[in-house]
Amino acid sequence: MSATLSPTQSPRTPKRKSSTRRGRSVSHLPPVQSQEAHDAALCAIRNVLKGRTCYDAFPVSFRLIVLDTKLNVKKALQCLLLNGVVSAPLWNSEKSKFAGMLTVLDIIHLIQYYYDNLNYEAAAADVETFRLELLRDIEKSLGVATPPMLKEHPNSTLYAAARLLIQTHARRLPLLDYDTETGHEVIVSVLTQYRLLKFISINCTREIQQLHLSLRKLKIGTYVSQTPPEIPEGHNPYWPIATATLNTPVFDVVHMFSERAISAVPIIDDDGVVVNLYETVDVITLVRLGAYQALDLTVSEALNQRSPDFPGVVICTASDSLGTLLQLIKKRRVHRLVVVEGEDEEKKGGKKGRLLGIITLSDVLRYLIGGVDIGEAVGSNEEIPSCTEKVSSFEVATS
């Protein structure tokens, strides 16, 4: 089902259509939630990944954008926007060598540096000549960690690639081969978390149908602390989740992105109801418009400049399952889900639509690949999810 999320409107669930009574109707009871079937399905999914290589996850047709480290940031950003991507491998042409990845977080760090150290005129002039190879110096200046230089061979198994993504907390993995004549590195492609999970959703349909346990039971994702004494004094009541309101200055959100290495912050109203989501790509829109230092505007004002083709905010409840999520990934591009209170919580005195947590693709992949042995008692975010077939229970909202 779908609903509309705008800066001033919270998600609403359409009313159910009245049902008519029919003879011998199909049962709508939920499938039996068998732990044994769940564990067996997870084993099967992992075995599929162990038997397939990264090459197998490549789409039939794709384009690869590679940026030279001598390119200035402004031209690089224009290239990303023109091609509809938010990251690209970097290439050192002097050494004929892979030089890492350019991601949205790099641009966030640059914006924060400009905001802290330069006036608007100086920033606008500097960005015209600032080269990609200097981005690591910006990270050192801000005191943020330098991203690891990850790479993997395309013939590596998908399971090995997935474990590397989990171990390094990376969202994408460059795949490199070597030219047999020159011995130089060749960038073949980039494996993303989304591409890996979509491969699973397409090729493990039968296994996914066996994963019926709820997200609530599996504890996939990050959730609002239920123990008030643990919440640091002066912090928001939705700790440890970073949140903002429509009146929050954009730079405050940019600081959250940089400090916590996250890519999205839920926008909530006074009751904690999710009304929107501000993402790192929204900041890039401001940069494209030349607003390198105009970050004192509010989130509400910034959202008015958001691209009209924004795909929307995907919301779910804790009673939904991973199978439903994987089926959704098969149908459309999803990078995260905001977990909100549903009808069950409302009956217990909660408020429908109030923020409960966030589930990222990292959370889902970590659970599927497994940080613990199969069958171990579920009790940490490093364990493994389950699935159903109620895609309609996920709400896709557009602004």
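A brief structural summary. (Residues numbered from 1 in each chain as written. Predicted model: local features only at pLDDT ≥ 70, side-chain atom pairs only at ≥ 80, totals over all residues. Heavy atoms only, no water.)

1. Focus on the pairing of strand β6 (residues 185-192)
Okay, so step 1: β6 sits mainly inside the fold: 6 of its 8 residues count as buried.
Okay, so step 2: Bridge analysis of strand β5 (residues 172-178) against β6 gives 7 bridges, and the strand direction is antiparallel. Bridge pairing links Y178 to E185 in β6.
Okay, so step 3: The hairpin formed by β5 and β6 contains 6 residues between the paired strands, and G183 there has a positive phi angle of roughly 80°. (Buried < 20%, exposed > 50% of the residue type's maximum accessible area, 1.4 Å probe, protein only. Helix = DSSP H or I, 4+ residues; strand = E, 2+ residues; numbered from the N terminus. Pairing = 2+ DSSP bridges.)

2. Concerning the nonpolar core
Okay, so step 1: L197, I359 and L368 are the most contacted members of the largest nonpolar core, which has 51 residues in total.
Okay, so step 2: Ranked by residues supplied to this core, first place goes to helix α6 (residues 158-168) with 7 residues.
Okay, so step 3: Summarising the domain contributions, this core has at least three residues from each of domain 1 (54-196) and domain 2 (214-369). (Core = buried A, V, L, I, M, F, W, Y, C linked by side-chain atoms within 4.5 Å. Domains from an automatic or database assignment.)

3. Observations regarding the pattern of salt bridges
Okay, so step 1: Per the stated rule, a full pass over the model turns up 11 salt bridges.
Okay, so step 2: A cluster of three or more residues bridged by salt bridges with shared partners is formed by K70, E94, R131 and E133. (Salt bridge = Lys/Arg side-chain N within 4 Å of Asp/Glu carboxyl O.)

4. Structural notes on the packing of helix α1 (residues 35-50) against helix α15 (residues 361-369)
Okay, so step 1: Following both chains from N to C, one finds α1 and α15 inclined at 100°, their axes separated by 9 Å at the closest point. Judged by the angle between their axes, α1 and α15 are roughly perpendicular. Residues H38, L42, I45, R46 and L49 of α1 touch α15, and the partners they reach there are Y367, L368 and I369.
Okay, so step 2: Here the residues of the contact of α1 with α15 are counted per class, giving 6 nonpolar, 1 polar and 1 charged. (Axes fitted to C-alpha atoms, helices over the stretch in contact; angles between N-to-C directions. Parallel < 35°, antiparallel > 145°, perpendicular 65-115°, else oblique. Contact = heavy atoms within 4.5 Å. Nonpolar A, V, L, I, M, F, W, Y, C, P; charged D, E, K, R; others polar.)

5. Details of helix α5 (residues 135-142)
Owing to its 3.6 residues per turn, the α-helix brings residues three or four apart onto one side.
Okay, so step 1: Three or more residues of α5 are buried, namely L135, I138 and E139. For α5, the buried positions fall inside an angular range of 100° around the axis, keeping them on one side.
Okay, so step 2: Contacts from the buried residues of α5 go to β4 (97-103) and α3 (104-117).
Okay, so step 3: Two residues or fewer after α5 comes G143, characterised by a positive phi angle close to 75°. (Arc of directions from axis to C-beta.)

By themselves, these figures tell us nothing about what the structure is for.
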